[in-house]
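Summary of the model geometry
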Amino acid sequence: KGSQEWEPKKTHAVIVGVLEWKNGLTPFPKRNRKDQELHDLLVKRGTPAENITMLLDGEATLPKIRKAITHTLSKTKRDSTLIIYYDGHGWAAGSDFCFANYEVRPSIKDTAWSINELATTVTRDFKGRHAFFWADCCYSGGLEVLVNKLAAKKVASFSLTSASTANTSTQNWTFTQSLLDGLSGA
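I will try to describe carefully the structure that is included in this document. What you are looking at is a predicted structure, and each value in this text was computed from that prediction instead of being measured.

Counting its secondary structure elements, the chain contains five helices and eight strands. Along the chain, helices and strands appear, N-terminal first, in the series β-α-β-α-β-β-β-β-α-β-α-β-α. Scaling as 2.2 N^0.38, a compact globule of 186 residues should have a C-alpha radius of gyration of about 16 Å, and the chain matches this with 15 Å. For the C-alpha atoms alone, the extent of the chain along its principal axes is close to 50 × 35 × 25 Å. When the 186 residues of the chain are sorted by exposure, 50% land in the buried category. When contacts within the chain are restricted to residue pairs at least 6 apart in sequence, long-range pairs at least 24 apart make up 73% of them.

This is how it looks when you write it as structure tokens:
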């Protein structure tokens, strides 16, 4: 195996899927949810289940997301690959982008999962060599902030997202289904 090839056994992942919110954001249907399918496919492809943290809906609070990210990063080694995936609501917030954790209050930015904060944490604490960032939400292209910071640190990373930094998503799992199809070889 070449060093540029994805090695599922050395992969650590955080999957955050939020389709309902405590404070009034419009919920999404849970029928045919794809975040669970992503988890199952990563395991099927060889990622150890204990290397994947999945937070869905009410579990996906900001403190739990932060803890999951920190814990996952602490387990990475020099040859690790990191995957962070999010589905739910996203928006632009000045010079930042935010993903909606379960208890977010959209009018109060400090209650949202900040991409700038995520970028700072991952850039500081990730010890591996490859990172993949995937998001199925509006304004998910904001993950480019994270990729750019890691590039400056010479970490190979990329983001695949359902939208750019300036537009909305389909709300139909179109992106995540395409991701699943690609990972499964379909």
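Contact pair helix α1 (residues 35-44) / helix α5 (residues 174-184): the axes reach a minimum separation of 10 Å and the direction vectors enclose 10°. Here α1 lies roughly parallel to α5, going by the angle between them. In terms of crossing hand, the pair formed by α1 and α5 is left-handed. Counting all contacts with α1, which are made through Glu 37, Leu 38 and Leu 41, the residues of α5 involved are Gln 177, Leu 180, Leu 183 and Ser 184. Of the residues in the contact of α1 with α5, the class split is four nonpolar, two polar and one charged.

If you trace the three strands from one edge of the open sheet to the other, you get β4-β5-β6, paired in antiparallel fashion. Pairing within the sheet leaves two strands with one partner each, and these edge strands are β4 (90-93) and β6 (113-114). Sheet analysis places β4 next to strand β5 (residues 96-99), joined by four bridges and oriented antiparallel. Within the sheet, the bridge partner assigned to Ala 92 lies in β5 and is Phe 97.

About the thresholds
Residues numbered from 1 in each chain as written. Predicted model: local features only at pLDDT ≥ 70, side-chain atom pairs only at ≥ 80, totals over all residues. Heavy atoms only, no water. Helix = DSSP H or I, 4+ residues; strand = E, 2+ residues; numbered from the N terminus. Rg over C-alpha atoms; globule rule 2.2 N^0.38 Å. Buried < 20%, exposed > 50% of the residue type's maximum accessible area, 1.4 Å probe, protein only. Contact = heavy atoms within 4.5 Å. Axes fitted to C-alpha atoms, helices over the stretch in contact; angles between N-to-C directions. Parallel < 35°, antiparallel > 145°, perpendicular 65-115°, else oblique. Left-handed = near helix turned anticlockwise from the far one by under 90°. Nonpolar A, V, L, I, M, F, W, Y, C, P; charged D, E, K, R; others polar. Pairing = 2+ DSSP bridges.

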